[in-house]
Structures are given as C-alpha cells and as structure tokens.
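# Report on the structure
Chain residues, written in single-letter form:
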Amino acid sequence: MSFADIPVDVGVVYEGERVRKEQMFVELGGPDEDHKFELLLVKPMEEVEDGKVEVVGPDLKDLPEGEHVPFGVKVEVAGEQLERDLEGVFERRIHDFFNYIQGVMHLNQRDTIWLRVAKSSVQKGLDSFRYIGLVLQRMFKAEFPIIEKAQVTFYTDPKAVEEQLKFAREVYEARDARVRGMRDEDVDEFYGCTLCQSFAPTNVCIITPQRYAACGAISWLDARASARINPSGPNFPIPKGECKDPDLGWYTGVDEAAKKYSMGEIEHINLYSLLDHPPCICGCFEAVAFYIPEVDGIGIVHRDFKGVAVNGLPFSTLADQTAGGRQVPGFNGISIEYMRSSRFFKPEGGWSRVVWLPKAVKERVKDAIPPELYDKIATEEDATNLEELKEFLKRVNHPVVERWPKEEEEEEVEEAAPPEAAPPTFAPTVQVPMQPVTMPAAPAGPSFKISFKNVRVRAEKLVFRKLEEEKKKK
Ligand code: SF4
Ligand SMILES: [Zn+2]
C-alpha cells in the first residue's frame, strides 16, 4: 500500500522490521520511560472530527535525536454501529498499523508500548506525527468499515502524557473488570487469537474468561466482539469440546484448535498450568512466570522490571526463553490480569506456589493475593538471589518450604544411594536456561565428589570424552 501524501511506504511487509538503537531517530516510550500509553475510544459521532490529527507537545522533528521520550497516542473513532465493546480489539490493532509504516517499530500494548522511528524515514520526510496519524486513521477505516470517523492525538509533553496515562489506566481497569466474575465453565466457547502469527507463525493464544490473553489487551469479551464483527479475522470461537480435567484446564476443543492453528506444532494445552503443557505464547506477554527448581516455587517478572529476577536473569532473557509460539514447561508468558484469576496456575497451587515477584506487580494485584500469603511472597527488596530467597522463605514459613526435602532425609538419601537413583519428586520436565558447561580436567589432582542438592536435572545426553582424543582428532 502506498499513500501519495505519506513520505514513506506503508504495508504489511514492514511489520517485522526492527529499528536498532544506532538507526533510530527517537525512541517513544519504551523500558526507560515510566510514562507511555496507547488508548482507543469509541465516541459519539458528533465528538469525532474525521481526519483530525493533533500533537500535544513537540512534534516528531523537534524531539531530541537519539533520546527516549514519554509518549502517548489516543485514537477516537465513531460510527453508527460501533459499540464500546470493540474498543479493546480495535486498540490492539494500533500495534499492526504503526508497524506497517516503513521505519517505524512498535512493540507491546497499553501502558508498556515501545516505539522507535528510524533516522532514514525521518530523512525521507516522515518528520511529523501528522503523517502517522493519517496512516492510523486510514488503516482503521479500511480494516473496519463500520468505523466512519477517526481522529488521532499524540502526546509528547511529559505532563500531558502523565495525565492521560492516568485516564488510560482507568479505562483499562474498567475493561478488565467486565470479565471478572465470569467463569470458564459457564461459557460454551473460548476464543482463539492468531494476530501475532506475523511474528510467531505457529502461535495461537487461547482466551477464556478466566485466562486473559497474555498481552493483557484482549479479554474473552473483546475476542467475542471481534469474532462477531470480523468472522474471517484473527479472533475466532473455539468450541470447548469435552472437559478432560477442569483443574488443569484440559479441553478437547482447545487441543484441536491448538493443533490446527499451530500447524501441528502444539498438540495439547493445559490452560492453567505452568509446568505441564502450558499455553504457547508469541512475545507480547506482560510478564513471565518461571519455575525455580531450587525452591520448588514460581517466580514472576514483568516487562518494566529494570533489574534481574531472583534467578539472576533479566526479563529479556526469560522472555527469549518463553517466546516464539513455543510451549515451554516451566516458563509462561502471562498478563497481569491473569494473576487475578482463581484459575491462576491452579494445578501448581496458584498463589501458594508463588515465591517472588517485583514489588510494583505485587502492589498492583494486592487484592488478588490471599492475605495470609501476602507477606510470605518475596520481592526484590527481600531477596535478590536464590540464597537470600531460600532464607526468606524459611523465615516466613512460605507454604513451599513444606515441599522441600527435610535436611535429615536429604543426608540419608545422599549416603544411601547415588543421585540418579533418587526418585523424581516432580513429574513434568522443566526447562531451565543453561549454558553448556565445560569442566577443566584436573591433571593429576585428587578425585572429587559432586553432590546435587535440591535440584532435578534431566539431560538428554551426557558426553564424557578424554581430552587427548580430542587433540589427536585436530
Ligand atoms: S498476544 Fe495473543 S491474544 Fe494478544 S494479540 Fe497476540 S495473538 Fe492475540
Ligand atoms: Zn504477540
């Protein structure tokens, strides 16, 4: 697609385009900015002026080159047949439409957006938000003919961004609250979403009333509204089929849909589990939940967390381990809203298994955490590594401590049997990101003993090779 009055190309081909730091003119929002948002509102006809684009604060060309700035974008649409129920699904498309613009990269959603505009595109003339606003308007109207009018406002003035962000969060909260209280057993259909297949070709998200989409932007109600207005679009109903296990969230209909839409990659999903066939996920999740074998508990880290998680890995590494439409037992991308669900990692014990999460998230979902557990879950202020975490959990008597082998038993096991004979206490295989380890050979040193304590390791292959043989080969 190309628009004569837009200085750069616009089209699906630019969707996966990355703008690296060295190539960028400016970064809008992103992990280094506390204030950023995108919001779409359905308005009465008389309140929307079709084609209007406003910029509150400096325009694109006047932003500091090479820097990051607070940023917000508000799209207001109107149409005789529009309902407010559609706001969530329309809003999710802001992501695609920005990405269609050559040299513009857009990641994430809601109040975690991260955009970059490439220098090369600014040099070609894309120096004003006005052009971007026009593209958004035209794309919305082309994709959804029931949108009759659209206007766009960009915010770069720090005060205005902060104020509007507050308002946006109220809107998100009201949207999310609509599905709270609905239960998976009370509906006949779940919904699928393949919107992110342009990034993760085998990914299909399954959205249920009690399992909000991992991107945090599409509820079951949103997906239903989207499937109704656009039956051939990215959201579609999934008949539940037979419920094989209500606690795991195992439905035959979900398995069939997973197989079909993942092109055979995924055969079985337990909707609520972290460890046993968890749902697959692209890369848009709001947070990553990760199993911590050392304490037999679950850690969670959200996208905006700046430090490293308690297992020593930053969000980005954990996200790489989780993303790409794969099913990775022990890792799962989730939305913040899912933490409020009574199905939240139910098979693993839900909140009673969570041992660590950043303070900011803990405060945000405070009302969902059982009060007797609240002080037992560590944050970055209580523990920054696994040793500190173990100490903390013992001190507060977190329920996971019950699951730990007693120290005396552990000694006995060590004396009585070699580690490989110890019975597995934990059935599913959990993948832990690891680097290959090379141990230097001790030339003529004393023999040594390796003890594994509180770990469960599964290796597909263990290869020992004498170094002399290696040398001879070379
Ligand atoms: S993360 Fe999943 S639910 Fe959200 S837009 Fe992408 S495919 Fe859809
Ligand atoms: Zn995605």
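As shown above, the structure is provided for reference.
## Quick notes on the overall build of the protein
- Scanning the protein for helices and strands turns up 13 helices and 17 strands.
- Looking at the protein as a whole, 44% of its 474 residues qualify as buried.
- Put simply, of all contacts in the protein between residues at least 6 apart along the chain, 73% involve residues at least 24 apart.

## Considerations on the sheet that holds strand β6 (residues 104-107)
- Reading across from one edge, β4-β1-β7-β6 is the order of the four strands in this open sheet, with mixed pairing throughout. Every interior strand has two partners, whereas the edge strands, β4 (68-69) and β6, have only one.
- Pairing of strand β1 (residues 24-29) with strand β7 (residues 114-118), which is carried by five bridges, proceeds in the antiparallel orientation. The residue bridging leucine 28 from the neighbouring strand is leucine 115, located in β7.

## Details of the nonpolar core
- Val77, Ile207, Val288 and Val355 are the most contacted members of the largest nonpolar core, which totals 129 residues.
- Leaving out residues up to four positions away in the same chain, valine 288 has contacts with Val301, Phe315, Leu318, Ala319, Thr322, Phe331 and Gly333.

## A closer look at the site of ligand 1
- What surrounds ligand 1 is the set Arg92, Cys193, Leu195, Cys196, Cys205, Ala213, Ala214, Cys215, Ala217, Ile218, Cys282 and Cys284.
- A class-by-class count of the residues in the shell around ligand 1 yields eleven nonpolar, no polar and one charged.

## Section: the environment of proline 64
- Inspection of the secondary structure assignment puts proline 64 in the loop between β3 (53-56) and β4.
- Its 10 C-beta neighbours within 10 Å are what place proline 64 among the exposed residues.

## Some words on the environment of leucine 389
- One can find leucine 389 in helix α11 (residues 386-396).
- When the 23 C-beta atoms within 10 Å are taken as the criterion, leucine 389 is described as buried.
- Sequence separation between leucine 389 and valine 295 is 94 residues, and the spatial gap between their C-alpha atoms is 8.3 Å.
- In contact with leucine 389, not counting residues within four places along its chain, are Val295, Val310, Val355, Trp356, Ala378 and Ala383.

## Focus: the sheet that holds strand β9 (residues 189-193)
- Strand order in the open sheet formed by three strands is β10-β9-β11, and the pairing between neighbours is antiparallel. Both edges of this open sheet fall to β10 (205-207) and β11 (235-239), since each of them pairs with a single strand only. Each strand axis lies, on average, 35° off the axis of its neighbour in the sheet, ignoring direction.
- As paired strands, β9 and β11 are joined by five bridges and run antiparallel to one another.

## Structural notes on helix α5 (residues 158-177)
- Over its 20 residues, α5 runs 29 Å from end to end, which matches the ideal 28 Å to within 8%, given 1.5 Å per residue.
- Those residues of α5 lying buried are Val161, Gln164, Leu165, Ala168, Tyr172 and Arg175. The arc that holds every buried residue of α5, seen down its axis, measures 120°, which confines them to one face. For α5, the exposed residues lying more than 90 degrees away from the buried face are Lys159, Lys166, Glu170, Glu173, Ala174 and Ala177.
- Tucked inside the fold, the buried residues of α5 contact β2 (36-42), β5 (71-78), α1 (87-92) and β8 (149-155).

Conventions adopted
Residues numbered from 1 in each chain as written. Chains lettered and ligands numbered in written order. Predicted model: local features only at pLDDT ≥ 70, side-chain atom pairs only at ≥ 80, totals over all residues. Helix = DSSP H or I, 4+ residues; strand = E, 2+ residues; numbered from the N terminus. Buried ≥ 20, exposed ≤ 12 C-beta atoms within 10 Å, placed from the backbone. Contact = placed C-beta atoms within 7 Å. Pairing = 2+ DSSP bridges. Core = buried A, V, L, I, M, F, W, Y, C linked by C-beta atoms within 7 Å. Near = placed C-beta within 6 Å. Nonpolar A, V, L, I, M, F, W, Y, C, P; charged D, E, K, R; others polar. Axes fitted to C-alpha atoms, helices over the stretch in contact; angles between N-to-C directions. Expected span 1.5 Å × (residues − 1). Arc of directions from axis to C-beta.

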